[in-house]
Structures are given as structure tokens and as C-alpha cells.
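Geometric and topological summary
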Amino acid sequence: MENKIKKIALLTGGGDCPGLNAVIRAVTRTAILKYGYEVVGYIFGYRGLYHNQKVNLTLDSVSGILHKGGTILYSSNKDNLFDYLVEENGQRVRKDVSDVAIENMKKENIDALVVIGGDGTLTSARDFSRKGLNVIGVPKTIDNDLAATEVTFGFNSALEVATEALGRLHTTAESHRRVMILEVMGRNAGWIALEAGIAGSADVIVIPEIPYDTNKIAEKIKKRDKEGKLFTVIVIAEGAKPKNGDVVINRIVEDSPDPVRLGGIGNKLANDLEKIIKDHEIRCTILGHLQRGGTTTTYDRILSTRYGVAAVEMANKGEFGKMVCLRGDKISSESLENVIGKAKLVDEHGELVQVAKSIGVSFGD
Ligand code: F6P
């Protein structure tokens, strides 16, 4: 069958994470070396698509970026072209400007668009696909909360940072006989807290999927005291909430399609525990964006490269409207229609939670 693709574009959207550059590199190299396509990258995600701001991607421009976090194409988590802020008659109004983006791609003779992003970015990808654009999604997020894939790239890199942080907190917790709380990211999913908690031997893991009872966590600290373990390390996901309580919101980013930024539950837990625990100082560390920056782990470099190569193979076969995914140990794909709006959360009865419970970890439940 004649291959009609001559030129492909890619963009990175949403919060950045390690592995974006590795996908950009893999897409560009495969497209050029294997299929002879021309490759362009839109700058700042969908905003670049709307303003037609792009760069040519060549073997040279993607050289030396495999290991680097961030994205050479920049990213934005504020720009939904189906509900975009524009100035009209001196007023800022929201409009559907998706047709402008489609026109821009037509004018540039771009045959397919590879969209690298999480739920928000891929929702727009699905909506562009519904309008007939040739779109392929690549699943990105440190939160690991996308349906239809075992794992998103970026998650492993964030996990390494969180696990190392727990290791570092252990030694200082032990020296001062303190209770150390580490707050990690993840939005409404507890994957980072759960897996870092297991790998970093946390005594208590608190995740959004299992609302916690402060008294139960205090009991665990007291139990450890009785056993002669005079320190406790707790990892808590930013989206965790107490039983009969709510999440803690750090800020509202008004111009973002998903404006709520979580954060602060670790300090709340510290304050609440201080009212019960009198024998230990309790401190909280918020790991924040350290989880998103820096070097990409070996696992994520390989996964991102596999995803990038698969995206070009799909373009070559004309398989559009789908997201690349990992099933078992095989790269596969899933319709974007089946991915969007179905967050993948931790199963409170699942194997990983049971593993942690079996080795004595408390979930504060
Ligand atoms: O989705 C990735 C993520 O890092 C979340 O874990 C976190 O809640 C959010 O993005 C933070 O967003 P921002 O960088 O806008 O503060």
C-alpha cells in the first residue's frame, strides 16, 4: 500500500515530566531515518498549533536530549483550543478556535499530529480526532493515572526521586527520633506514594483512594515506640484526605482548564498528629516539582523511546485516533475514546496495597 504520509508534527502538552525529550527524539529519528518524513514540532503545546509557531525537527536538533527532563518544545497546561481565551473588542472571551489549528496544519501540509500528554492534552487530541484530524497520542504523566496503559512515561523517574527522598528522610528521622512526613504529587491517584512508600520502606502510606484516620496513624507511631523504633516515616499523596474530610487545595490557577492545584495535606497531618503525639517532633517535607525535573531514568528512556517509535509506526500504518500504550510487556494501542475520562486509580484491594499491608505498612485506615 502506498504510504501517503510525508510530514508529521508533534507537540507536548500539560505538566512536563522526564521522558518527553526521549519521545521527541524517538519520533523524529524514526520518522526521518526509517520513513523519510519531514518532522516539525509545535512550541508550547496547543498554543503553538493555534499561533502556527513551530520548529523543524532534525537529527541535529534532537541530538543529546535523550536523558534530559523537560521538553525542548516547551509545554503549557493552560491552553485548550476548544475553550481558548482570546481578546475580542477589548474583552477576554473563551472560544472554540480548533478550526484555526486544523487550518494551520492543512496550510503546512502536515499529515499527522503526535500529541504527547496526559488526560487534559489527550482529551483535546480525542476532540481533534473527532473532527477528522490524524492524531496519535502518547501517554505522559508522573501521576501514572491514565487508563489503558500499564504505565505512563515519567512515572518511574518521579518514583526514583520520591524513593530517594524517603531514604534520606529515614536517616535524619532516626537520628532525631522524629516523625517525618513526605508529601508527594500524583493528583487524585496514589501511585507515587504507594510505590515510593514500598520501595522507600515507609511505615505509613497515605493515598487518596484510602481516606485516613489520624488516630490510626498515631497508633502506628505509638506501636513503633513500644517496639523500640523511635522514629516513623510517612509518605502522603497530595490528593489524600481524612475520613469525613476533604482534600487540601494549594492554589487555584484561574486560567487553567483544570484549575485546582493540590498541596498541603502533609502539613495538615503534621499539625493534627502534634495534638496527639507528644514524644516526637513531627516535620513535613513537600517534594513538589523536584519529582518532575532532572534526569530521565533508564526505564523511562527505554519506555519513551518505545512509545515514540510506536507512534511513527502507527502513523505509517494510518492508525489514527489512538494512544500508544503498554500492555503486559508489549507495546500496543487503544482508541482515545476509551482512554479519556477514565482515571486509573490505586485499587484499595489490589495486590500492591495488600503487599504493603502484609509487611506491616499502615494506610491509616
Ligand atoms: O499532573 C502532574 C502534576 O505534577 C501533578 O502531580 C500535580 O498535582 C500537578 O501536576 C502540579 O501542577 P503545576 O505544575 O501546575 O503546579
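One can find the structure itself at the top, above this paragraph.
The sections below set out a description of the structure shown in this document. (Residues numbered from 1 in each chain as written. Predicted model: local features only at pLDDT ≥ 70, side-chain atom pairs only at ≥ 80, totals over all residues. Heavy atoms only, no water.)

**Side note on the overall build of the protein**
Across its full length, the protein carries 10 helices and 15 strands. Relative to a compact globule of 365 residues, whose C-alpha radius of gyration would be 21 Å, the protein shows 22 Å and is just as compact. Within the span of the protein, comprising 365 residues, buried residues form 54% of the whole. The long-range fraction of contacts in the protein, counting pairs at least 24 apart against all pairs at least 6 apart in sequence, stands at 72%. (Helix = DSSP H or I, 4+ residues; strand = E, 2+ residues; numbered from the N terminus. Rg over C-alpha atoms; globule rule 2.2 N^0.38 Å. Buried < 20%, exposed > 50% of the residue type's maximum accessible area, 1.4 Å probe, protein only. Contact = heavy atoms within 4.5 Å.)

**Some points on the pattern of salt bridges**
The full count for this structure, using the stated rule, is 25 salt bridges. One salt bridge in this structure joins Glu-38 and Lys-7, with 3.7 Å as the shortest N-O distance. Taken together, the residues span a long stretch of sequence, with Glu-38 in strand S2 (residues 38-42) and Lys-7 in strand S1 (residues 7-12) at a distance of 31 residues. Across the pair Glu-88 and Lys-95 runs a salt bridge whose closest N-O atoms are separated by 2.8 Å. Here Glu-88 falls in the partly exposed class, since its relative accessible area comes to 34%. Residue class for Lys-95 comes out partly exposed when judged on its relative accessible area of 36%. One connected set of salt bridges, linked through shared partners, spans Arg-126, Asp-127, Arg-130 and Glu-337. (Salt bridge = Lys/Arg side-chain N within 4 Å of Asp/Glu carboxyl O.)

**Here's the deal with the site of the ligand**
Residues in contact with the ligand, as listed here, are Asn-77, Ile-142, Asp-143, Met-185, Gly-186, Arg-187, Glu-238, Arg-261, His-289 and Arg-292. A distance of 3.3 Å separates an oxygen atom of the ligand from a polar side-chain atom of Asn-77. Here an oxygen atom of the ligand and a side-chain polar atom of Arg-292 are 2.9 Å apart. Surface burial for the ligand is 84%, taken as the share of its 400 Å² of free accessible area covered by protein chains. Taken together, the residues that form the shell around the ligand break down as 2 nonpolar, 3 polar and 5 charged. Residues lining the shell around the ligand come from more than one domain, with at least three contributed by each of domain 1 (7-153 + 297-338) and domain 2 (158-289 + 347-358). (Near = heavy atom within 4 Å. Polar contact = N/O pair within 3.5 Å; in protein donor to acceptor, adjacent residues only side chain to side chain. Areas by Shrake-Rupley, 256 points an atom, 1.4 Å probe, with all protein chains shown as cover. Nonpolar A, V, L, I, M, F, W, Y, C, P; charged D, E, K, R; others polar. Domains from an automatic or database assignment.)

Interpretation note: all reported values are geometric properties and have no functional meaning in isolation.
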